[in-house]
Amino acid sequence: MKIECNIDGKALSLSVNSNKPLSLILMEDVGNKTITSHCKGNACGNCIVLLNDEAALSCVIPAFRLKDATIKTFESYQKTRQYRDIERAYQATGNTPCPNCFASKTLIIESILQELTNNTRTKSFGSNNLPLRMEQTDEEKLDKKAIIQELSLNTCQCMDMSEMLQIVEIALTYRRRKRVRRN
Ligand code: FES
Ligand code: FES
């Protein structure tokens, strides 16, 4: 089938089997160098992309779901200003994912930051449909349970969840400061 979509800022028209997984499309049809895993099933979490700004496992997304979608991989994301917020949070905490998990964990954190800073997004995560942000009062509260659920898309356990949450919180601070400066 023919799929029109946007990958890393390029409008593409792909001729692929309708069930071909996005991870293979990226590796074989697009020549993406940052997707390296294709475990075919939700096991490692090292194939994360941003699909319409939300973190998703590319090895389980069939081509037919990509119609008119916007896909961002770490290849283009690492050149953005947003990436700097997460990079600085890694530096500040002294915790950085290993090279195998780096791209996926970073894109998951970006998805969380976008959810927490974008009032127009309504996505809820996980089987309980937990929103990342609780009902807002004057003070923003992070729903840690929902964030942990989202972070668990990458199954590596060599980084403690409390370390990951700390990275999210620090990156969020940098992101909010950036927004305040822009307003
Ligand atoms: S490549 Fe392992 S979950 Fe996608
Ligand atoms: S950070 Fe890569 S295996 Fe855990």
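Here the structure is a predicted model, which is why all the values come from computation and not from measurement.

1. Comments concerning unusual backbone geometry
Then, number 1: Even without being glycine, Asn-52 reaches a positive phi, approximately 50°.
Then, number 2: With respect to the helices and strands, the residue Asn-52 is situated in the loop between β3 (48-51) and β4 (54-57).
Then, number 3: Exposure remark for Asn-52: the relative accessible area of 44% places this residue in the partly exposed category.
Then, number 4: A positive phi angle is found at Asp-53, which is not glycine, with a value near 75°.

2. What to know about the side chain of Glu-110
Then, number 1: As for its position among the elements, Glu-110 is in helix α4 (residues 99-117).
Then, number 2: When neighbours within four sequence positions are excluded, Glu-110 is seen to be in contact with Leu-50, Tyr-77, Gln-82, Ile-86 and Arg-175.

3. Considering the pairing of strand β1 (residues 2-7)
On a regular strand, each side chain points to the face opposite its neighbour's, so the side chains alternate between the two faces of the sheet.
Then, number 1: Of the two faces of β1, only one is covered, namely that formed by Ile-3, Cys-5 and Ile-7; the face formed by Lys-2, Glu-4 and Asn-6 stays uncovered.
Then, number 2: When β1 meets strand β2 (residues 10-15), the two strands line up antiparallel, connected through six bridges. Residue pairing for β2: Lys-2 is matched across the bridge by Ser-15.
Then, number 3: Following β1, the chain reverses through two residues before pairing antiparallel with β2; Asp-8 in that reversal takes a positive phi of roughly 50°.

4. Describing α4
Then, number 1: Relative to the 27 Å expected for 19 residues at 1.5 Å per residue, α4 spans 27 Å between its end C-alpha atoms, a close match to the ideal helical length.
Then, number 2: Of all 19 residues making up α4, 17 are buried, and the element is well covered by its neighbours.

5. Some details on empty space enclosed by the protein
Then, number 1: Taken as a whole, this structure holds one cavity of 30 Å³ or more when the rule is applied.
Then, number 2: Looking at the largest cavity, its volume works out to about 40 Å³.
Then, number 3: Lining of the largest cavity is provided by Thr-34, Ile-35, Asn-46, Cys-47, Ile-48, Phe-74, Ala-103, Ser-104 and Leu-107.
Then, number 4: Among the elements that make up the lining of the largest cavity, the one with the highest residue count is α4 (three residues).
Then, number 5: Class assignment of the residues belonging to the lining of the largest cavity gives a composition of six nonpolar, three polar and no charged.

6. Here we look at the sheet that holds β1
Hydrogen bonds between backbone atoms are what pair the strands of a sheet, whose relative direction is either parallel or antiparallel.
Then, number 1: The strand order across the open sheet built from five strands is β2-β1-β5-β3-β4, with neighbouring strands paired in mixed fashion. Both edges of this open sheet fall to β2 and β4, since each of them pairs with a single strand only. Strand after strand, the sheet turns through a mean of 40° between neighbouring axes, direction not considered.
Then, number 2: Docked against the sheet, helix α1 (residues 22-30) engages β1, β2, β3 and β5 (70-72), running at close to 100° with respect to β2.

7. A short note on the confidence of the model for the chain
Then, number 1: Of all residues in the chain, 85% have pLDDT values of 70 or greater, and the mean over the chain is 88.
Then, number 2: Note on residues 122-129: pLDDT under 50 across the span, and 16 contacts to partners over four residues away in sequence or across chains.

8. Some points on the nonpolar core
Burial of nonpolar side chains together is a common tendency in soluble globular proteins.
Then, number 1: Among the nonpolar cores identified, the biggest contains 30 residues, and Ile-109 and Leu-151 are the most heavily contacted of them.
Then, number 2: Those elements that provide at least two residues to this core are β3, β4, α2 (74-77), α3 (81-93), α4, α5 (144-151) and α6 (161-182).
Then, number 3: A total of eight residues in this core trace back to one element, the largest contributor, which is α4.
Then, number 4: Both of domain 1 (2-77) and domain 2 (81-182) provide at least three residues apiece to this core.
Then, number 5: Once you skip the residues sitting within four places of it in the chain, Ile-109 turns out to touch Ile-86, Tyr-90, Leu-151, Met-164, Ile-167 and Val-168.
Then, number 6: Grouped together as the second largest cluster of nonpolar side chains are 17 residues, Ile-25, Val-49, Ala-63 and Ile-71 included.

9. Quick word on the packing of α4 against α5
Then, number 1: For the pair α4 and α5, the least separation of the axes is 9 Å and the interaxial angle reads 150°. The two elements α4 and α5 cross, and the hand of that crossing is right-handed. Two secondary-structure elements touch here, α4 through Ile-108, Ile-109, Ser-111, Ile-112 and Leu-116 and α5 through Ile-147, Glu-150 and Leu-151.
Then, number 2: Here the residues of the contact of α4 with α5 are counted per class, giving six nonpolar, one polar and one charged.

Calculation rules
Residues numbered from 1 in each chain as written. Chains lettered and ligands numbered in written order. Predicted model: local features only at pLDDT ≥ 70, side-chain atom pairs only at ≥ 80, totals over all residues. Heavy atoms only, no water. Helix = DSSP H or I, 4+ residues; strand = E, 2+ residues; numbered from the N terminus. Buried < 20%, exposed > 50% of the residue type's maximum accessible area, 1.4 Å probe, protein only. Contact = heavy atoms within 4.5 Å. Pairing = 2+ DSSP bridges. Expected span 1.5 Å × (residues − 1). 1 Å grid on protein atoms, 1.4 Å probe; cavity = no way out; pocket = protein on both sides within 12 Å on 5 of 7 lines; lining within 4 Å. Points joined across faces, edges and corners; volume = space filled by probe spheres on them. Nonpolar A, V, L, I, M, F, W, Y, C, P; charged D, E, K, R; others polar. Axes fitted to C-alpha atoms, helices over the stretch in contact; angles between N-to-C directions. pLDDT = per-residue confidence, 0-100. Core = buried A, V, L, I, M, F, W, Y, C linked by side-chain atoms within 4.5 Å. Domains from an automatic or database assignment. Left-handed = near helix turned anticlockwise from the far one by under 90°.

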